Amino acid sequence: MRCVIPFLLGGSLLMPLLAHTQVPGTQVAERATESIRGVELKGRVPVNPQLLHVSLPTPQEAVLSNGLQVFLLEDHKLPAFSLQFSIHGGGLADPPGRYGVAMMTAAMLQEGTQQHDSREIAKKFATLGASFGAAATPSSMETIINVTGLSENAAAILALAADVVRNPTFPADELEKFRARYLSRLQHLRSLPGFQAREAFMGAVYGEHPGRYVTPPESVLRAVTREELAGYHDAYYRPNNVILVVHGDLTLEELIMRLEKAFGAWQKAESPPVSLPDLSPPGKPGVVLIDRPGSVQTSLWVGSLGIRRDGKDYFPLLVMNHILGGGPASRLFLNLREDKGYTYGVSSLFTGTNFPGVVAAITDVRSEVTAAAIQELMSEIQRIVAEPVSVQELSSAKRALIGGFALSLDAPRALITNVLTQKSYGFPENYWDTFPQQVEAITADDIQRVAGKYYDAERLQLIAVGDGAALRGILAKYGEVQAISGQ
């Protein structure tokens, strides 16, 4: 049986946090919002037993003469193709104190080349029915470039993409326009309590580690020069520093022929190594209050440091997270929304890439129910730490996760991400073949063990964004409150 296993957390590795206000990659459980009040949970999600024994499509491999690694998932069902470049480095390759250079380099690729200005590039991609996007975040190990289009236009699309990727000129006037747009967007984002809570939580968990950056520091955004962008591009945008995964209506022979024509002259060079700075997570609980006087809402984040994507606790955390806050049948949703009616949405997440991610429970509640909502968040965390999950909960979670694989059977982006994840982390060739079995093997003891390890009460960080006058007394019950003025 040929089956696609969606990498539920794979986007975190490769996708920029800000561009999607998402994840690293990382798996971010979507906030459940659809009410299931009155629904009796039967725990009988239909799952074909054959999903536990799958054989996924194996990509064809090739290496261009300049060292560019190419993987092709050939699929002729539709006359189209998608491809993704993964350029090693990302924001973690930025010089210390200059986190944001990689992000701006990626964002500026389409703003002008030696042959075309930004309008011409946009017009040409539109005329070809193609799309092009590039992104990196300050806390990513990769810059990701996505290109899609019709296979009959592959030659022209690849030629244009090659010009954009290889020959950006980072025009000074376009850089100033981008800077102004981004600073305006940043001002808006930082007016949102949920965004403020996310930034504060990352700062509490990561300290000075670049993993803390949801967006680049404003000082860097204001000061970056086009020479810095050109320097980053020259150092890391090299074919032998790139993995390219292609899915679609192309044979390997014609793909390599067209890639050699478009990218063959791209000069290889050794890119500087990327070294991750030391990570010193907090060794004690913390409470942070961001004061928004008069706010009628409180945004809450509570959690701690998680695991790397290749950590041995990945599968137990995947299932534990689903039970805790992974959807409308999760404990947090059933308690805080369906039973208590404190919130419209509540969820949990965990992330992880080349460095440990985070685990967190998240919600926004009315100010008047903040105390009760925090109590219920903490109660659910303590319950999953202290008590084994029920047989029905465990079975339902595993069925939902395994059954969800089928949803991406025809999703090229998921297939591409799976290949990149497997190659980037050096997972076995059959990693995705055994994914359902790895989920199915998780036990209640596994769930309790990882819950206790990563939601350890002695390391939890509680972030609240709301009316400080009303919240200080509530938060003081959970530790010494560090108060910060909000916008």
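Residues numbered from 1 in each chain as written. Predicted model: local features only at pLDDT ≥ 70, side-chain atom pairs only at ≥ 80, totals over all residues. Heavy atoms only, no water.

## Details of the packing of aromatic side chains
Counting across every chain of the model gives 17 aromatic pairs. Here F263 and W266 contribute two aromatic rings whose centre-to-centre distance is 5.8 Å and whose plane-to-plane angle is 45°, an arrangement assigned as tilted. Of the two residues examined, F263 and W266, each falls in the buried class. Between Y431 and W432 the ring centres are 4.8 Å apart and the planes differ by 90°, which places this aromatic pair in the edge-to-face class. Look at Y431 and you get buried, because its relative accessible area is 7%. Given a relative accessible area of 6%, W432 falls into the buried group. Taken together, Y314, F315, F350, Y425, F427, Y431, W432 and F435 form an aromatic cluster joined through their ring pairs. The aromatic ring of Y314 is capped on one face by R309, whose charged end is 3.7 Å from the ring centroid. The lysine or arginine in question, R337, covers the ring of Y344, its NZ or CZ lying 4.9 Å from the ring centre. (Phe/Tyr/Trp six-rings, centres within 6.5 Å; stacked < 30°, edge-to-face > 60°. Buried < 20%, exposed > 50% of the residue type's maximum accessible area, 1.4 Å probe, protein only. Lys NZ or Arg CZ within 6 Å of the ring centre and 35° of its normal.)

## Here's the deal with the sheet that holds strand β10 (residues 356-366)
In spatial order, the strands read β9-β10-β8-β11-β7-β12; together these six strands make up an open sheet with mixed pairing. The open sheet has two edge strands, β9 (343-352) and β12 (481-485), and neither has a second partner. For this sheet, the mean angle separating the axes of adjacent strands, direction not counted, is 15°. The strands touched by helix α11 (residues 331-339) are β9 and β10; relative to β9, the strand with the most contacts, the crossing angle is about 155°. (Pairing = 2+ DSSP bridges. Helix = DSSP H or I, 4+ residues; strand = E, 2+ residues; numbered from the N terminus. Axes fitted to C-alpha atoms, helices over the stretch in contact; angles between N-to-C directions. Contact = heavy atoms within 4.5 Å.)

## Here we look at the side chain of N66
If you trace the backbone, N66 turns up in the loop between β1 (60-63) and β2 (69-74). At 3.2 Å, the side chain of N66 forms a polar contact with the backbone nitrogen of L68. Ignoring any residue separated from it by four or fewer positions in sequence, one finds N66 in contact with P239, N240, F263, G264, W266 and K268. (Polar contact = N/O pair within 3.5 Å; in protein donor to acceptor, adjacent residues only side chain to side chain.)

## Looking at the side chain of T343
Counting through the fold element by element, T343 comes out in strand β9. Taking relative accessible area as the criterion, T343 reaches 10% and is therefore assigned buried. One polar contact links T343 to T363, side chain to side chain, over a distance of 3.0 Å. Within the local environment of T343, its side chain forms a polar contact with the backbone oxygen of D364, the two atoms lying 2.6 Å apart. Here T343 is in contact with L336, R337, T363, D364 and V365, once residues within four sequence places are set aside.

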